[in-house]
There are 2 protein chains.
Amino acid sequence: MRGSHKVHVGPLNVAMREIDLEPSSGEPPLRVYDTSGPYTDPATRIDIMAGLHELRRDWIRSRNDVEEVAQREVRPEDNGQLGPDRSGGVQPFPNVRRTVLRARPGMNVSQMHYARRGIVTPEMEYVATRENLGRAMLNEYVRDGQDWGASIPDYVTPEFVRDEVARGRAIIPSNINHPESEPMAVGRNFLVKINANIGNSAVASDVASEVDKMVWAIRWGADTVMDLSTGRNIHDTREWIIRNSPVPIGTVPIYQALEKVGGIAEDLTWEIFRDTLIEQAEQGVDYFTIHAGVRLPYIPMTAKRVTGIVSRGGSIMAKWCLAHHKESFLYERFDEITEIMKAYDIAYSLGDGLRPGSIADANDEAQFAELYTLGELTKRAWEQDVQVMIEGPGHVPMHKIKENMDKQLQACGEAPFYTLGPLTTDIAPGYDHITSGIGAAMIGWYGTAMLCYVTPKEHLGLPDRDDVKVGVVTYKLAAHAADLAKGHPAAKLRDDALSRARFEFRWRDQFNLSLDPDTAEQYHDQTLPAEGAKTAHFCSMCGPKFCSMKITQEVRDFAAKQNQGAESFLAANSSLASAGEGDHSAKPNGGGGLAAEEAEAGMAEMSEKFRETGSELYMGAGGREHD
Amino acid sequence: MRGSHKVHVGPLNVAMREIDLEPSSGEPPLRVYDTSGPYTDPATRIDIMAGLHELRRDWIRSRNDVEEVAQREVRPEDNGQLGPDRSGGVQPFPNVRRTVLRARPGMNVSQMHYARRGIVTPEMEYVATRENLGRAMLNEYVRDGQDWGASIPDYVTPEFVRDEVARGRAIIPSNINHPESEPMAVGRNFLVKINANIGNSAVASDVASEVDKMVWAIRWGADTVMDLSTGRNIHDTREWIIRNSPVPIGTVPIYQALEKVGGIAEDLTWEIFRDTLIEQAEQGVDYFTIHAGVRLPYIPMTAKRVTGIVSRGGSIMAKWCLAHHKESFLYERFDEITEIMKAYDIAYSLGDGLRPGSIADANDEAQFAELYTLGELTKRAWEQDVQVMIEGPGHVPMHKIKENMDKQLQACGEAPFYTLGPLTTDIAPGYDHITSGIGAAMIGWYGTAMLCYVTPKEHLGLPDRDDVKVGVVTYKLAAHAADLAKGHPAAKLRDDALSRARFEFRWRDQFNLSLDPDTAEQYHDQTLPAEGAKTAHFCSMCGPKFCSMKITQEVRDFAAKQNQGAESFLAANSSLASAGEGDHSAKPNGGGGLAAEEAEAGMAEMSEKFRETGSELYMGAGGREHD
């Protein structure tokens, strides 16, 4: 990333980034969370054909609870080839592993299982270091926020992570067959996370584009990525993605199962689905969206809806249920699914198949009936120590958003909430990253742990890489706004650093501290491209005479000069001189710390003087307007 | 606007738009609020050189309280020409009126003055019709929202408008010298409005571009426009804009005053400022931003801020105060300013010169000290029946937003609040339309009457027309999300109409009902440009097999067919057949109203049957997975 460099922190070499600031700022580099993986590490050689380094390999194996098994053979139907025609395939990932890992019989390899046995795993330690960000830089933890009853710690310890995972309030999605992933946590008491969706459809895209979208999405800040492919070559596409992904990968297995039965929902079977789970588990998928809450009795509740069932998986299951006159096999077979999950440490993302797809349908009977079933299923999964997060809406007007959070907390035992937006109005296709960014920021503030992005293409078509970027940056800013509002102790460091840079006209620092330095600089340069403009004390919005920040600087300089006895002031406050260096919390404004003190003193003295002597000047001075 | 046509409603020919829907929808055209003026009326001939038709001319003159006076001569310094050099000028508006209007001596022509005398003016009647939108179409007023104590009526009467204006809770900005404007109201109990900023700077833009930005901004939905020019040719630029603007125009007079003294804030005088007010009043400016709350004692409170004073007007006044060791002349001379306002019906926009320009500075002492002074000034203005709205922040993290609304309501007697965002984080320059769209939607929900837009160029440079459009559409969706959340009775009509169109794959209707039909269609066509795709029951996001809406339709059709005794059902419920036509409220989903009833009945019956007979099928049926 421009203007910053990768660092590795602590004994586990936790990857982060540091944004370097100009020496005139007097500030150390700002440390920020980094999802971009080895792709932005100049010290790492990238080979997409080989996949990433298996960061967690030794941690997994040293737990001595896994065995190697031959990977299930890839069948033509795994890639959507149902008849003799073998055309339309893609090059498989060249370094598919011959053997994969699975829990030894009777063992449970989920992070929750270890946590409940009091074990702090390396994954938990990694998470703790990663979540602490720049906290070590703070002298004190200012908690300025409204967290609605969350329990965000001042400083994250590995023990805190263990406890959150043990009680189910956080998950660390980390399939033992995805050792390339850099561990991360999804939970209300950690930084709000975001997910980017990629994947082809029958109508658009190809493998190279999808791998590129994944790398592009994490470059801009996606914490997890879901591969939602619904077209051809689902298996091969996924292999390329997972082997090259440093972030957890999620899927919706019912999509591939549907492809295997030629798109005929009625032909889905538990056997096909189960086999698909194993296939994807062996590849290393870290979380599965399972729409086990779309129960037969709930389907009639959707008949009156304006937009029916908008979840792909939900509509598929609804069709199956009605066609067979049976309860959902996902619901019926849930405990068997859980047995599979625990053998690989795959987390549940309990799907909101009955989420509202329009303002009219928000918070209706169908939606909450499903939510309460997801709560029931959460408890069942926890009985087997399997990690769970709960998916959420959708389209919800602002006044109905908090109810969603409150009900989810109550129904699902504080399992992490993972919402899609929500969109706060239906009337702006083309801008749904924004209509949903509003709802996402709010529900993140209220306690949602992960926000699934929405791109400008929502409702209109498959997103391209530009859309992916815009969606990711929009959701990063929404998640960060939520962290700020919750009073997360380290969140404000970045806002303050950027605002100081802005105030001091350190243009490059302002760009580099922002979520998208390239765009910020590009927009600035549209009207002021010359190199000199990067240190100019104005931009084209107002020009040199009208820049309020420039004028404010002049006001402060003026006041400081006017401050009689400035020297004695300095002498009396010599500690201020040294306090101005290197310590953020004691320096209220950038490099002008001492000047600010002088300015304030100066202005206050003048103000005093006016009150004492100048009251006549105040009360209608008459002709001397130039005073 | 594509897919819609201009209509004129009622005896005052209030301009609105109707969006035509496909006949298969069975729905009448949807009526929406329209700010675009005569520019989108094919029956009107536009001549920018002549200006718009003087819609309000007779209303103003028939009140018999105005006199014609010769317009003040334009001086070179009005256009920034301070020395003998007359280059760099622009073509003045060719049809400047020789005489302008002013209240007869002792008279008061403000809408508030009429309202307080019990008079319902044509402007108030126009507003009532305009605000009612499609309410007449509703059979009942469903109030589903949280309005935090607002008083939004089911149906807006002219008397209601009068009362709101009389009590100061709403304003109708309508200078008697801007008779071209289509009256509109800014108030908590009306639709949330948005403002777009245009205007050149010393560094960028020209007259033609600024007039174009105004027309472009109102085309996309700007309810008022502020001309914030700070460069050359301020007077001439403004004349072109006002004569051609169907929406109220606001300015910040101190900018032009500063230009007249060559940019030296210390050289500002009350005389120059007063003269500028008259100059702009005669041209027809509808509201003035006056930073009368930037008082001398408050300035030291900003010394510790991270970003100081970010308001241009505020920083200019701060500089003047300190340089002269005097209280602000805007504050001192406030009552004299009010005397001028009431002679033309110019509304105050009491400026938030001390608003926070960074998260760090939000809700600080300086900000609220000014707010309380604005409250004091509001009461003083109301003593002379002059209309007032209050400007607000800025940069405010989400958890601090409501405090702003609560304090403003309390301090300013419920005068309308007019905020700039607020931005909910500092870290995303390039995306500040979004960081602020979040705060704007929230503060609009809480009761803010007008939202001043922010474009992607905020903090980086002067916006171009593309930025203007993106800013306007973003703020339209934020304002609408606020209306929805407040439970405004007519707001949801548009969301529901669009969602029905979406569900029924009426793609053209979906585009035409959206805030930006061009972009929506363009995004759709990026992957599916063929004409046939406009009626396809899928798009490229999921393709034909995976479209959840298509599958939902299939589910409903299937359920309807399976419904045994469907014919007897119909016979027993013949009223349903006729209820399905033409009446929105009785038709829960678009053209499938009757099918939905059948579907629900069908699904419910099946569900019943399962429970009665199928319990064995539920409890682990064993081998027959294909059932």
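Remember, predicted model here, so these are calculated numbers, not experimental data.

A. Focus on the confidence of the model for chain A. Residues and elements named next belong to chain A. On average, chain A scores 89 in pLDDT, and the residues at 70 or more come to 88%. pLDDT under 50 marks residues 564-594. Its contacts with residues more than four places away, or in other chains, come to 38 contacts. This model gives residues 613-627 a pLDDT under 50, and the stretch forms 25 contacts once residues within four places in sequence are excluded. For this predicted complex, the interface score ipTM comes out at 0.90, alongside a pTM of 0.91.

B. Here's a closer look at the nonpolar core. If you look at the biggest cluster of nonpolar residues, it comprises 328 residues, and the most contacted ones within it are Phe273, Tyr348 and Met398 of chain A together with Phe273, Tyr348 and Met398 of chain B. Setting aside residues up to four positions removed in sequence, Phe273 of chain A forms contacts with Pro253, Ile254, Ala257, Ile290, Phe329, Leu330 and Ile337 of chain A.

C. The pairing of strand β12 (residues 347-350) of chain A, seen in detail. Residues and elements named next belong to chain A. Every second residue of β12 is oriented toward a common face, with Ala347 and Ser349 on one face and Tyr348 and Leu350 on the other, all of them buried. Sheet topology note: the strand β11 (residues 287-290)/β12 ladder contains 4 bridges and is parallel. Paired with Ile290 across the two strands is Leu350, which belongs to β12. Strand direction decides the pairing type here: β12 and strand β13 (residues 388-392), joined by 3 bridges, are parallel. Residue Leu350 lies in a different strand from β13, and its bridge partner there is Ile390.

D. Molecular detail of the interface of chain B and chain A. Residue-level contacts link 149 residues of chain B with 149 residues of chain A. When chain B packs against chain A, the two sides together hide about 12,400 Å² of surface, and 67% of this comes from carbon and sulfur. Our count for the contact surface shared by chain B and chain A stands at 4 salt bridges. Close ionic contact of Glu554 of chain B with Lys319 of chain A constitutes a salt bridge, the shortest N to O distance being 2.6 Å. Taken together, the residues of the side of chain B that touches chain A break down into 71 nonpolar, 44 polar and 34 charged.

E. View of helix α15 (residues 465-486) of chain A. Residues and elements named next belong to chain A. Helix length check: α15 (22 residues) gives 31 Å between terminal C-alpha atoms against 32 Å at 1.5 Å per residue, within 8%. The element α15 is largely enclosed, with a buried count of 19 among its 22 residues. Taking the backbone nitrogen of Asp466 as reference, a side-chain oxygen 3.0 Å away marks Asp464 as the first, capping residue of α15.

F. Quick peek at the sheet that holds strand β8 (residues 193-198) of chain B. Residue and element names in this part refer to chain B. The strand order around the closed barrel formed by 8 strands is β8-β9-β10-β11-β12-β13-β14-β15, and the pairing between neighbours is parallel. Taken over all neighbouring pairs, the strand axes of this sheet differ in orientation by 25° on average, direction set aside. Strands in contact with helix α15 (residues 465-486) are β8 and β15 (450-452); relative to β8, the strand with the most contacts, it is inclined by about 165°.

G. Here's a closer look at the relation of the copies chain B and chain A. The two copies are related by a screw operation: chain B maps onto chain A through 180° of rotation and 0.0 Å of translation along the axis, at an RMSD of 0.0 Å. Expressed as an axis order, the relation between the two copies is that of a two-fold axis. Within chain B, the C-alpha atom positioned nearest to the axis of rotation is that of Ile438 of chain B, 2.3 Å from it.

H. Focus on the UniProt feature "binding site: Zn(2+)" (unreviewed entry) in chain A. Mapped onto this numbering, the UniProt entry annotates "binding site: Zn(2+)" (unreviewed entry) at His395 and His459 of chain A. Their sequence span is 65 residues, while the largest C-alpha to C-alpha distance among them is just 12.3 Å; these annotated residues converge on one region. Topologically, His395 of chain A is positioned in the loop between β13 and α13 (401-411). Non-local contacts of His395 of chain A, meaning those with residues more than four positions away in its chain, are made with Pro356, Gly357, Ser358, Ile359, Ala362, Pro422, Leu423, Asp426 and His459 of chain A together with Arg502 of chain B. From its side chain, His395 of chain A meets the backbone oxygen of Gly357 of chain A in a polar contact 3.3 Å long. Relative to the elements of secondary structure, His459 of chain A occurs in the loop between β15 (450-452) and α15.

I. Here's a closer look at the UniProt feature "binding site: [4Fe-4S] cluster" (unreviewed entry) in chain A. The UniProt entry lists Cys539, Cys542 and Cys547 of chain A under the feature "binding site: [4Fe-4S] cluster" (unreviewed entry), expressed in the numbering used here. Here Cys539 of chain A is to be found in the loop between α18 (517-527) and α19 (543-546). Ignoring sequence-local partners within four residues, the contact set of Cys539 of chain A consists of Trp507, His524 and Leu528 of chain A together with His459, Leu460 and Gly461 of chain B. Locating Cys547 of chain A in the fold gives a position in the loop between α19 and α20 (548-562).

J. Spatial organisation of helix α7 (residues 253-260) of chain B. Residues and elements named next belong to chain B. Burial analysis of α7 places 8 of its 8 residues in the buried class, which makes it a mostly covered element. Of all the residues in α7, the buried ones are Pro253, Ile254, Tyr255, Gln256, Ala257, Leu258, Glu259 and Lys260. Looking one or two places after α7, you find Gly262, whose phi comes out positive at around 60°.

K. How the structure looks around the environment of Met214 of chain B. All names here are of chain B. Examined against the element boundaries, Met214 turns out to sit in helix α5 (residues 207-220). Sequence-wise, Met214 and Ile249 are 35 residues apart; in three dimensions their C-alpha atoms are separated by 9.8 Å. Every residue in contact with Met214, bar those within four places of it in the chain, is listed here: Tyr39, Ile198, Val225, Ile241, Asn244, Ser245 and Pro246.

L. Structural detail: the environment of Lys400 of chain A. Tracing the backbone through its elements, the reader meets Lys400 of chain A in the loop between β13 and α13. Under the relative-accessibility criterion, Lys400 of chain A is labelled buried at 17%. A C-alpha to C-alpha distance of 10 Å links Lys400 of chain A and Pro422 of chain A, two positions 22 residues apart in sequence. A distance of 2.8 Å separates a polar atom in the side chain of Lys400 of chain A from a polar atom in the side chain of Asp144 of chain B.

M. Looking closely at the sheet that holds strand β3 (residues 30-32) of chain B. All names here are of chain B. The antiparallel open sheet is built from 3 strands, whose spatial order is β1-β2-β3. The sheet terminates laterally at β1 (4-9) and β3, the two strands that pair on one side only. Taking each pair of neighbouring strands and ignoring which way they run, the sheet shows an average axis angle of 40°. Strand direction decides the pairing type here: β1 and strand β2 (residues 14-19), joined by 6 bridges, are antiparallel. By the bridge assignment, Lys6 is partnered in β2 with Arg17. Helix α3 (residues 122-132) rests against β1 and β2 of the sheet, and its axis sits at about 10° to β2.

N. How the structure looks around the packing of α13 of chain A against helix α14 (residues 432-446) of chain A. All names here are of chain A. One can describe the packing of α13 onto α14 by two numbers: an axis separation of 10 Å at closest approach and a directional angle of 35°. Of the two possible hands of crossing, α13 and α14 adopt the one that is right-handed. Judged by residue contacts, Ile401, Lys402, Asn404 and Met405 of α13 engage Gly439, Met442, Ile443 and Tyr446 from α14. Split by residue class, the contact of α13 with α14 holds 5 nonpolar, 2 polar and 1 charged.

O. Region of interest: the pattern of salt bridges. The full count for this structure, using the stated rule, is 104 salt bridges over all chains. We note a salt bridge from Arg72 of chain B to Glu279 of chain B, for which the minimum N-O separation is 3.4 Å. In this pair, Arg72 of chain B sits in the loop between β4 (66-70) and β5 (99-103) while Glu279 of chain B sits in helix α8 (residues 270-283), placing the two residues 207 residues apart along the sequence. Classification of Arg72 of chain B as buried rests on a relative accessible area of 12%. Between Asp364 of chain B and Arg305 of chain B there is a salt bridge, with its nearest N and O atoms 2.7 Å apart. With Asp364 of chain B in the loop between β12 (347-350) and α12 (365-383) and Arg305 of chain B in the loop between β11 (287-290) and α9 (312-324), the pair connects residues that are 59 residues apart, well separated along the chain. Each member of the pair Asp364 of chain B and Arg305 of chain B is classed as buried. One connected set of salt bridges, linked through shared partners, spans Arg72, Arg75, Asp78, Arg238, Lys260, Asp275 and Glu279 of chain A.

P. Local environment of the side chain of Thr338 of chain A. Structurally, Thr338 of chain A can be placed in helix α11 (residues 334-344). Leave out the neighbours within four places in its chain, and Thr338 of chain A touches Tyr348, Ala381, Gln384 and Val386 of chain A.

Q. Region of interest: the packing of α5 of chain B against α15 of chain B. Residue and element names in this part refer to chain B. In the contact formed by α5 and α15, the axes pass within 9 Å of each other and the chain directions differ by 25°. Classed by the angle they form, the pair α5 and α15 counts as roughly parallel. Read as a crossing pair, α5 and α15 show a hand that is right-handed. Here Asp212, Lys213, Trp216, Ala217 and Trp220 of α5 lie close against α15, whose contacting residues are Arg465, Val468, Lys469, Val472, Val473 and Lys476. Within the contact of α5 with α15, the residues separate by chemical class into 6 nonpolar, no polar and 5 charged.

Thresholds, definitions, all that
Residues numbered from 1 in each chain as written. Chains lettered and ligands numbered in written order. Predicted model: local features only at pLDDT ≥ 70, side-chain atom pairs only at ≥ 80, totals over all residues. Heavy atoms only, no water. pLDDT = per-residue confidence, 0-100. Contact = heavy atoms within 4.5 Å. Core = buried A, V, L, I, M, F, W, Y, C linked by side-chain atoms within 4.5 Å. Buried < 20%, exposed > 50% of the residue type's maximum accessible area, 1.4 Å probe, protein only. Helix = DSSP H or I, 4+ residues; strand = E, 2+ residues; numbered from the N terminus. Pairing = 2+ DSSP bridges. Buried area = accessible area lost by both parts, 1.4 Å probe. Salt bridge = Lys/Arg side-chain N within 4 Å of Asp/Glu carboxyl O. Nonpolar A, V, L, I, M, F, W, Y, C, P; charged D, E, K, R; others polar. Expected span 1.5 Å × (residues − 1). Polar contact = N/O pair within 3.5 Å; in protein donor to acceptor, adjacent residues only side chain to side chain. Axes fitted to C-alpha atoms, helices over the stretch in contact; angles between N-to-C directions. Least-squares fit on C-alpha atoms with pLDDT ≥ 70 in both. UniProt positions renumbered as here; feature names shortened; annotations may be inferred. Left-handed = near helix turned anticlockwise from the far one by under 90°. Parallel < 35°, antiparallel > 145°, perpendicular 65-115°, else oblique.

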